[in-house]
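So the chains spell out like this:
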Amino acid sequence: MIRRPQRRGQNFHGMISGAPQMEALFRLLERVARANVSVLVRGETGTGKELVARAIHELSPRQKNAFRAVNCASFSSELLASELFGHVRGAFTGAVRDRRGLFALADGGSVFLDEIAEIPLEVQARLLRVLQEQRFVPVGGTDAVKVDVRLISATNKALRREVEEGRFREDLMYRVRVVPIFLPPLVERQGDVELLVWHFIEKFNERAGMPRRIEAISAEAYQALLGYAWPGNIRELRNVIEYAFVVGEGEALAYEDLPPELRGEGPRAGRGEREEEGNGERSERQRIVAALRAAGGSREDAAEALGISRTTLWRRMKEFGVEG
Ligand SMILES: Nc1ncnc2c1ncn2[C@@H]1O[C@H](COP(=O)(O)OP(=O)(O)OP(=O)(O)O)[C@@H](O)[C@H]1O
Ligand SMILES: [Mg+2]
């Protein structure tokens, strides 16, 4: 049975981490927040892009003013324009009265555009204008409105590729990513899987109405948690712990309390490459790679996490062609 280690990470505006590259990122966020520049946050799903956007706003001189977020993927082109810039009565069917948009509502504060790569080209032209001139015209309107808004956006796509493929304006790309910020995937943050496992256990222990309290983790479950590739990153880890709280019982989190994908049975046993049925060798290779990543390349730590000796790990790395 494994119990909670002493080591705690830091909590930076809701982001828990003890990894050196996250520490560097937190310091960067503090500096960037002070400057009134557009920031583009990049990272895989569930890596904390929205938390970063909120942290930037909270650390900025605009903290007392509004922070408004919108997911660009969840609106049609016309509705997104109206959501962002508002509309005047009669601008389109259903526009029965004037409506203020996000930019007007966030005047003096920050606007967070999530999934910015999904903005249709028509809306991109309008957005560019706000960034260049600090003014916009509501949909169906004639008069420009002046605003003072800081733009923070996020995407899990490479905007450069969107530009190459004609889906995103190049001039807008430069405007939105004056400072690009890259959030590393969870497995690259050394020690953070362990830290976050215990962090979320503690959170759910405190939550009213939870059917159990967890005080320890079985060695087998620990190995599965530390060896998993976490394609859904921190969000997935949180869900896995919540799942364990609900399906299992007793004070110890058991291997059986983990969802199938962590037990190598699911359709997505590994990041990127999918496991073929009955191909145990491939999933073992993925476990080794993930454990090495999580251990920041330390074979000793990886072997321990996998529950095998260092020589066995070394032998299997040779066998599967895993580079140190
Ligand atoms: N370092 C962290 N420590 C604790 N919780 C975190 C951390 N990073 C993210 N989370 C939590 O994980 C979940 C996902 O974070 P968030 O929504 O910011 O991710 P995202 O990158 O915006 O994901 P998506 O691309 O899917 O929108 C949230 O519940 C968030 O609170
Ligand atoms: Mg998000």
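Residues numbered from 1 in each chain as written. Chains lettered and ligands numbered in written order. Predicted model: local features only at pLDDT ≥ 70, side-chain atom pairs only at ≥ 80, totals over all residues. Heavy atoms only, no water.

Per an unreviewed UniProt entry, the chain goes by Sigma-54-dependent Fis family transcriptional regulator and derives from Lujinxingia litoralis.

**Side note on the overall build of the chain**
In terms of regular secondary structure, the chain is built from 13 helices and twelve strands. Dimensions along the principal axes, computed over C-alpha positions, put the chain at roughly 70 × 45 × 40 Å. In the chain, which comprises 324 residues, the proportion classed as buried is 47%. Partitioning the intrachain contacts of the chain with sequence separation of at least 6 by distance along the chain shows that 70% fall at a separation of at least 24. Split by element, the accessible area of the chain, about 16100 Å² in all, is 46% carbon and sulfur. Both charge centroids of the chain, one from 49 positive and one from 47 negative side chains, sit 6 Å from each other. (Helix = DSSP H or I, 4+ residues; strand = E, 2+ residues; numbered from the N terminus. Buried < 20%, exposed > 50% of the residue type's maximum accessible area, 1.4 Å probe, protein only. Contact = heavy atoms within 4.5 Å. Areas by Shrake-Rupley, 256 points an atom, 1.4 Å probe, with all protein chains shown as cover. Lys, Arg positive; Asp, Glu negative; His and termini not counted. Charge placed at Lys NZ, Arg CZ, Asp CG, Glu CD.)

**Some points on the site of ligand 1**
In the vicinity of ligand 1 lie 15 residues, with Ile16, Thr45, Gly46, Lys49 and Arg235 positioned nearest. The separation between an oxygen atom of ligand 1 and a polar main-chain atom of Thr47 is 3.4 Å. Lys49 places a polar side-chain atom, nitrogen or oxygen, 2.6 Å from an oxygen atom of ligand 1. In isolation ligand 1 has 630 Å² of accessible area, and contact with the protein removes 82% of it. Judged by its atoms lying within 2 Å of the grid points, ligand 1 is housed in the largest pocket. If you list the elements that add at least two residues to the shell around ligand 1, you get strand E3 (15–17), helix H2 (49–59), helix H8 (192–206) and helix H10 (233–247). (Near = heavy atom within 4 Å. Polar contact = N/O pair within 3.5 Å; in protein donor to acceptor, adjacent residues only side chain to side chain. 1 Å grid on protein atoms, 1.4 Å probe; cavity = no way out; pocket = protein on both sides within 12 Å on 5 of 7 lines; lining within 4 Å. Sits in = over half its atoms within 2 Å of the grid points.)

**A few points about the UniProt feature "domain: Sigma-54 factor interaction" (unreviewed entry) in the chain**
Within this numbering scheme, the UniProt entry marks residues 15–246 as carrying the feature "domain: Sigma-54 factor interaction" (unreviewed entry). In residues 15–246, the share of helix is 44% and the share of strand is 14%. The end C-alpha atoms are 24 Å apart. (UniProt positions renumbered as here; feature names shortened; annotations may be inferred.)

**Focus: the environment of Pro260**
When you line up the elements, Pro260 lands in the loop between strand E12 (252–253) and helix H11 (280–294). Since its relative accessible area comes to 32%, Pro260 is described here as partly exposed. Between the C-alpha atom of Pro260 and that of Glu215, which follows or precedes it by 45 residues, the distance is 22 Å.

**Considering the packing of helix H12 (residues 299–306) against helix H13 (residues 310–320)**
As a packed pair, H12 and H13 sit with axes 9 Å apart at the nearest point and diverge in direction by 100°. By the angle between their directions, the pair H12 and H13 is classed as roughly perpendicular. Between H12, through Arg299, Glu300, Ala302, Ala303 and Leu306, and H13, the contact on the second element is made entirely by Arg310, Leu313, Trp314 and Met317. By residue class, the composition of the contact of H12 with H13 is six nonpolar, no polar and three charged. (Axes fitted to C-alpha atoms, helices over the stretch in contact; angles between N-to-C directions. Parallel < 35°, antiparallel > 145°, perpendicular 65-115°, else oblique. Nonpolar A, V, L, I, M, F, W, Y, C, P; charged D, E, K, R; others polar.)

**Some remarks on the packing of helix H3 (residues 77–85) against helix H5 (residues 121–133)**
Contact pair H3 / H5: the axes reach a minimum separation of 9 Å and the direction vectors enclose 15°. Viewed along their axes, H3 and H5 adopt a mutual orientation that is roughly parallel. Handedness of the crossing formed by H3 with H5: right-handed. From H3, Ser77, Leu80, Ala81, Leu84 and Phe85 reach across to H5, where they touch Glu122, Val123, Arg126, Leu127 and Val130. Split by residue class, the contact of H3 with H5 holds seven nonpolar, one polar and two charged. (Left-handed = near helix turned anticlockwise from the far one by under 90°.)

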